[in-house]
Amino acid sequence: MTTIGKDISKAKQLLEAGELVGIPTETVYGLAGNALSPDAVSKIFETKNRPSFDPLIVHTGSIEQIGDYTTELLPELKELAQGFWPGPLTLLLPKKSIVPDLVTSGLDQVAVRVPSHPLTRELLLSLDFPLAAPSANPFGYISPTQASHVVDQLGGKIQYVLDGGPCQVGLESTIVGVEDGQVIIYRLGGVEVSEIKKVVGNVLILPQSSSNPKSPGMLKSHYAPRIPFVLGDLDQLVPHYLNKGEKFGVLSFNKLFDQVDPEDQRVLSEEGDFQEAAQNLFASMRYLDNQNVNVILSEELPEKGLGKAINDRLRRASAR
């Protein structure tokens, strides 16, 4: 049986015993285990049913601790770390041998970050090891943004979920690295591209990969509901599916459709606020996935600010 609570010492004891724990971050809830223990890392892959070619992110409690697990922090990445840590930024850095190859899927770089959630930072600072912590959901499914989501998805597979309330960002971290002097964004996320450009100048956004990703979060099909998810122009999709007589749900940016049952709709932000939309994205997808509908219709947001990262998740949810 999986229990939910705010007992950091209980989470610490379980992690030190090699068990997995659900932890809150500002982005999404993570499935955490000792990142330096191949056995604990293996449990993460097994519990999530995650393919071993998809690397994990290592979480630490401070910028200073990053040096225990990496060999180099280039000046431009150090600037990003100083500007956005703790926070929803992950850096791809050359790893030390202390980090098991299973964490990095055999790659010579490790994804690291310092989360800003106070409960998890306190937990991390109390441990003698960092935590590998991908999203606490079955592989490929919608990411959890509340403790109850973790129990809904992984209940019975782990003993404890540390409850930190709803996630304040609601999107996974932005992943950044450097190749041949070029700053690269491997995954769009909670730190906007424009904010990164202010610090390092020009960046290259790497496309998604169907296999052998260079960093976590690069797989083309991901974050998907169980039922079909269709992305397009809702003003065209809604009348089309009404004419078909098919039962459907609607996930929109900022408006409701009078012809559709309000119970089968979710609006990400009535005010058109990107941050609010990001916070509501995964919970709204999860809600509609549990409604009595055959398909979910959705739309892309304007390609600016966090809209870029939200659209990234929507496109991958619709990829089949």
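Residues numbered from 1 in each chain as written. Predicted model: local features only at pLDDT ≥ 70, side-chain atom pairs only at ≥ 80, totals over all residues. Heavy atoms only, no water.

In this section: the side chain of Thr 120. Within the secondary structure, Thr 120 sits in helix α6 (residues 118-126). Looking at Thr 120, the relative accessible area reads 0%, which means it is buried. Within the local environment of Thr 120, its side chain forms a polar contact with the backbone oxygen of Pro 24, the two atoms lying 2.4 Å apart. With residues near it in sequence (within four places) discarded, Thr 120 still touches Ile 23, Pro 24 and Pro 115. (Helix = DSSP H or I, 4+ residues; strand = E, 2+ residues; numbered from the N terminus. Buried < 20%, exposed > 50% of the residue type's maximum accessible area, 1.4 Å probe, protein only. Polar contact = N/O pair within 3.5 Å; in protein donor to acceptor, adjacent residues only side chain to side chain. Contact = heavy atoms within 4.5 Å.)

On to the sheet that holds strand β1 (residues 3-5), then. Judged by pairing direction, the sheet is mixed, and its 11 strands sit side by side in the order β1-β8-β2-β3-β7-β4-β6-β5-β9-β10-β11 without closing on themselves. Two strands in the sheet have a free side with no partner beyond their single neighbour: β1 and β11 (204-205). Pairing geometry for strand β2 (residues 21-23) and strand β3 (residues 30-34), over 3 bridges, is antiparallel. Note on β3: the bridge partner recorded for Gly 22 is Leu 31. Across the sheet, helix α1 (residues 8-16) lies against β1, β2, β3, β7 (131-132) and β8 (160-162), angled at about 130° from β8, the strand it touches most. Packed onto the sheet, helix α2 (residues 38-48) meets β3 and β7 and runs at close to 155° relative to β3. (Pairing = 2+ DSSP bridges. Axes fitted to C-alpha atoms, helices over the stretch in contact; angles between N-to-C directions.)

Opposite charge on two side chains permits them to pair, given that their charged atoms come into close proximity. Within the structure shown, the criterion is met by 15 salt bridges. Across the pair Arg 113 and Glu 26 runs a salt bridge, and its minimum N-O distance is 2.7 Å. Here Arg 113 is found in strand β6 (residues 109-113), whereas its partner Glu 26 is found in the loop between β2 and β3, with 87 residues between them in sequence. Classification of Arg 113 as buried rests on a relative accessible area of 2%. Its relative accessible area of 6% is what places Glu 26 among the buried residues. Through salt bridges with shared partners, a single ionic network connects Glu 172, Asp 312, Arg 313 and Arg 316. (Salt bridge = Lys/Arg side-chain N within 4 Å of Asp/Glu carboxyl O.)

Our focus in this paragraph is the domain arrangement of the protein. Its domain assignment divides the protein into domain 1 (3-171) and domain 2 (229-318). Placing the centre of domain 1 and that of domain 2 at their C-alpha centroids yields a distance of 29 Å. Contacts between the two partners involve 13 residues from domain 1, matched on the other side by 12 residues from domain 2. Buried surface at the junction of domain 1 and domain 2, both sides included, amounts to about 1,100 Å², of which 59% is carbon and sulfur. Between domain 1 and domain 2 we count 0 salt bridges in total. Our enumeration of links across domain 1 and domain 2 arrives at 7 residue pairs in polar contact (both at pLDDT 80 or more). Classifying every residue of the side of domain 1 that touches domain 2 gives 7 nonpolar, 6 polar and no charged. (Domains from an automatic or database assignment. Buried area = accessible area lost by both parts, 1.4 Å probe. Nonpolar A, V, L, I, M, F, W, Y, C, P; charged D, E, K, R; others polar.)

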